[in-house]
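Structural features, examined
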Amino acid sequence: MSPADQMRPLVELAGIRKSFGLVEVLKGVDLSVEEGRVVALIGRSGSGKSTLLRIINGLERPTDGVVTVDGERADGRESERELKALRLKVGMVFQQFNLFPHLSAGGNVMLSLKVVKKMGTAEAEAVAREMLAKVGLADRFDHTPDQLSGGQQQRVAIARALAMRPRVLLCDEITSALDPELVAEVLAVVRRLAEEGMTLVMVTHEMRFAREVCDELVFMHQGRIHERGAPAELFAAQRTPELAAFIGGH
């Protein structure tokens, strides 16, 4: 790796705008994420956080601006082949678990490996078992989703994303659909990933977790980055009344 590559952010957003019809959801967002960093996107509902994650993952195309992930560039005009190359760099875990109910935990993890990466069954199973063990579910390989708790289902979803060996993992409110007693087990997995050096960008309302685990907080307000900085700094002294009100409400 050249010195230039080492200096280049793993994820870089430049001038990202996104409109849905007449509604402009993102109004010119610049953001860079270095490898191994954990970034929390915080802000009220409707501030553009989830849309920003979907643009990083290629699920939404920007109206304007450029997103680059590990050298793969997208500006809304790329081909499907180029978009696929970007998506292979990015894993994403959603609020809802999105598991196939007729497949086991192992089968859910194996599916993308076989379909997208064209792995044979034996190799895909080995990877799936490794990733389920990583999220503390080694003994649940053959369990179907209806035999798992919500927290376990979300951990299967994390294992599925990790199995693709992404360069960055995006987490979109991954605990918001869980009962309170199950939140800790999912956050414990994310904490371990952070400790292992996984690059993470997460939308979260778990302020204690953001303070303890994240390297940077990015507060979004009305489609823009309103404040950003180290968690200790932003929790100690907010520069704007909007962030003060948001943190005060949590």
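Keep in mind the model is a prediction, meaning the values are calculated, not measured. Throughout this document, residue positions are counted from 1 along each chain, in the order its sequence is written. With pLDDT at 70 or above as the cut-off, local features in this predicted model cover only qualifying residues; side-chain atom pairs require 80 or more to be listed or tallied, and sums for whole chains, interfaces and linings still use all residues. To obtain the side-chain values, all non-hydrogen atoms of the structure were included, while hydrogens and water were left out.

Thoughts on the environment of Gly 58
- In this fold, Gly 58 is placed in the loop between helix H2 (49-56) and strand S4 (64-69).
- Type-normalised accessible area, obtained with a 1.4 Å probe on protein chains alone, sets the label of each residue: buried when under 20%, exposed when over 50%, and partly exposed for intermediate values. By relative accessible area, Gly 58 is classed as buried at 4%.
- Placed 172 residues apart in sequence, Gly 58 and Ala 230 show a C-alpha to C-alpha distance of 27 Å.
- Contacts are residue-level and defined by heavy atoms, with any inter-residue pair within 4.5 Å sufficient. Filtering out sequence-adjacent residues up to four positions away, Gly 58 remains in contact with Leu 83, Leu 86 and Arg 87. By definition, any uninterrupted DSSP run of H or I lasting at least four residues is a helix, any uninterrupted run of E lasting at least two residues is a strand, and each is numbered from the N terminus.

Section: the pairing of strand S2 (residues 23-33)
- Each pair of strands is called paired provided DSSP finds at least two bridges between the two strands. Where strand S1 (residues 11-20) lies against S2, 8 bridges are found, and the strand directions are antiparallel. What sits directly across from Phe 20, in S2, is Val 23.
- Adjacent in sequence and paired antiparallel, S1 and S2 are bridged by 2 residues, among which Gly 21 carries a positive phi angle near 65 degrees.

Considerations on the sheet that holds strand S6 (residues 90-93)
- An order of S6-S7-S8-S3-S9-S10 is seen for the 6 strands of this open sheet, with the pairing classed as mixed. Two strands close off the open sheet at either side, each with one partner strand: S6 and strand S10 (224-229). With strand direction ignored, the average angle separating the axes of adjacent strands in the sheet is 20 degrees.
- Where S6 and strand S7 (residues 168-172) come together, 4 bridges link them in parallel fashion. In the sheet register, Val 93 faces S7, and the bridge partner there is Cys 171.
- Every angle, taken between N-to-C directions, lies between 0 and 180 degrees, and every axis is a line fitted to C-alpha atoms, over only the stretch in contact when it is a helix. Taken strand by strand, helix H7 (residues 180-195) contacts strand S3 (38-42), S7 and strand S8 (199-203), and its axis lies near 145 degrees from that of S8.

Let's talk about the pattern of salt bridges
- When a carboxyl oxygen of Asp or Glu lies within 4 Å of a side-chain nitrogen of Lys or Arg, that pair is called a salt bridge. Under the criterion given, the structure shown has 19 salt bridges.
- The shortest N-O distance in the salt bridge between Arg 54 and Glu 60 comes to 3.7 Å.
- Here Arg 54 falls in the partly exposed class, since its relative accessible area comes to 29%.
- A salt bridge links Arg 129 to Glu 125; the shortest N-O distance between them is 3.0 Å. Of this pair, Arg 129 and Glu 125 both sit in helix H5 (residues 121-134), 4 residues apart, which is roughly one turn of that helix.
- Under the relative-accessibility criterion, Glu 125 is labelled partly exposed at 29%.

Some words on the UniProt feature "domain: ABC transporter" (unreviewed entry) in the protein
- Sites flagged by UniProt as "domain: ABC transporter" (unreviewed entry) map to residues 11-247.
- In residues 11-247, the share of helix is 38% and the share of strand is 26%. The end C-alpha atoms are 26 Å apart. UniProt positions are given in the numbering used here, feature names are shortened, and annotations may be inferred rather than shown by experiment.

Side note on the sheet that holds S4
- Reading across from one edge, S2-S1-S4-S5 is the order of the 4 strands in this open sheet, with antiparallel pairing throughout. Edge positions in the open sheet fall to S2 and strand S5 (72-74), since each of these has one partner strand only. In this sheet, adjacent strand axes meet at a mean angle of 20 degrees when their direction is disregarded.
- Seen against the sheet, H2 touches S1, S2 and S4 and runs at an angle of roughly 120 degrees to S1.

What to know about unusual backbone geometry
- Unlike most non-glycine residues, Glu 173 shows phi in positive territory, near 50 degrees.
- Assignment of secondary structure puts Glu 173 in the loop between S7 and H7.
- Note on Glu 173: relative accessible area 9%, which makes it buried.
- Despite not being glycine, Gln 222 has its phi angle at roughly 55 degrees, a positive value.
- With respect to the helices and strands, the residue Gln 222 is situated in the loop between strand S9 (216-221) and S10.

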